[in-house]
Amino acid sequence: MTGPYRIEIQPPDIARWREGTSGIEYVQEFDSGRPGPEVMVQALTHGNEFCGAIALDALLQERVRPAHGRLTLVFANVAAYERFDVGDPDRSRCVDEDYNRIWADEVLFGQRDSVELRRARELWRFVDRADFLLDLHSMHEPCRPIMVCGMTEKGVAFARRIGVPSELLIDTGHPAGLRMRDRGGFGDPASPRCAALIECGQHWKASSVEVAMDTTLRFLRATGAVEASWIDAQLRLPLPPAQHVIRVTQAVAAKSMDFRFASPWRGLEVVPEHGTPIAQDGQTVWRTPYDDCVLVMPSLSHLKPGNTMVRLGRYE
């Protein structure tokens, strides 16, 4: 158990993939020898979110190969992953800092040093050459899967091409730093490059692995990297009846360690009335700014001044 949530999955042994094909550990590259897109899938952006690692491990064992272009499969923050302890599973999220807040050039190529920055400095060239990127995540609280489409409309269009999940999020980024999925052309509305970040469900649920695998397969089909007939034979989950867009209007960042939620929110609750208290941070009371406010990924698991505690948005 971790808190109220039972651990239904186990971290896979990824040591077999340590010797990468590119000269960088835990980076597997496969070139079709034919013209086509540069496609990248990343797991373990956070070391305790290993549903994506299970999915990539399975695909590598199945010897997935691109029909066109080049496919790169990456296990990112392995140093954090190797710290996993079933008695304290959240400890393995990172070693020194959040790997997914360091992707601005001034940070990535600046003077700071950390375990996460050293790893990002190994991997940035794979990110920057990718035409299509999928970043596999999971959530601390039990919640329906969410596709983080970034801050541009093209992210929603790309998620609709993938076809999953039902909830698509247009957000405002994170005050604490730039995510990998928003770096460079991925965050530029005029660029054809597209990225997707899938929150597959609660960290420890077996269903999160199913979502990670299904999303990765559908992503590979949408990019044209892998033959559709092979993908179709692997799919196990149905498409959702419809996809719905949530547009975030603001991110609520903690000002202090006294941040507390007014109720035990889990995520995607719709609070009907404007002005409803949702959290208190010292003397500051956070209230819903409008009717039918959607609470996106509320969690105290990474409470720290400056970190996003919840995002507020509306269904469109």
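Structure first, text after, so check above.
Residues numbered from 1 in each chain as written. Predicted model: local features only at pLDDT ≥ 70, side-chain atom pairs only at ≥ 80, totals over all residues. Heavy atoms only, no water.

J.: Quick one: what's the story with the environment of leucine 73, residue by residue and with numbers?
T.: Within the fold, leucine 73 resides in strand β3 (residues 70–75). Separated by 235 residues in the primary sequence, leucine 73 and threonine 308 have C-alpha atoms spaced 28 Å apart. Sequence-distant contacts of leucine 73, that is, excluding residues within four places in its chain, are made with Tyr26, Val27, Gln28, Phe30, Val41, Leu56, Leu60 and Val64. (Helix = DSSP H or I, 4+ residues; strand = E, 2+ residues; numbered from the N terminus. Contact = heavy atoms within 4.5 Å.)

J.: Tell me about unusual backbone geometry, and name the residues and values.
T.: A cis amide bond, omega -5°, links valine 164 with the succeeding residue proline 165. Locating proline 165 in the fold gives a position in the loop between α5 (153–162) and β6 (167–170). Even without glycine at this site, aspartate 292 takes up a positive phi of about 55°. Among the structural elements, aspartate 292 can be located in the loop between β12 (284–287) and β13 (293–296). With a relative accessible area of 46%, aspartate 292 lands in the partly exposed category. A positive phi angle, near 50°, is found at methionine 297, a position not held by glycine. Along the chain, methionine 297 turns up in the loop between β13 and β14 (308–315). When its relative accessible area of 17% is taken as the criterion, methionine 297 is described as buried. (Buried < 20%, exposed > 50% of the residue type's maximum accessible area, 1.4 Å probe, protein only.)

J.: So what about the packing of α5 against helix α6 (residues 206–223)? Which residues, and what values?
T.: α6 packs onto α5 with a crossing angle of 105° between their chain directions and a minimal axis gap of 8 Å. The angle between α5 and α6 falls in the class roughly perpendicular. Residues Phe158, Arg161 and Ile162 of α5 touch α6, and the partners they reach there are Thr215, Arg218, Phe219, Ala222 and Thr223. Partitioned by chemical class, the residues of the contact of α5 with α6 number 4 nonpolar, 2 polar and 2 charged. (Axes fitted to C-alpha atoms, helices over the stretch in contact; angles between N-to-C directions. Parallel < 35°, antiparallel > 145°, perpendicular 65-115°, else oblique. Nonpolar A, V, L, I, M, F, W, Y, C, P; charged D, E, K, R; others polar.)

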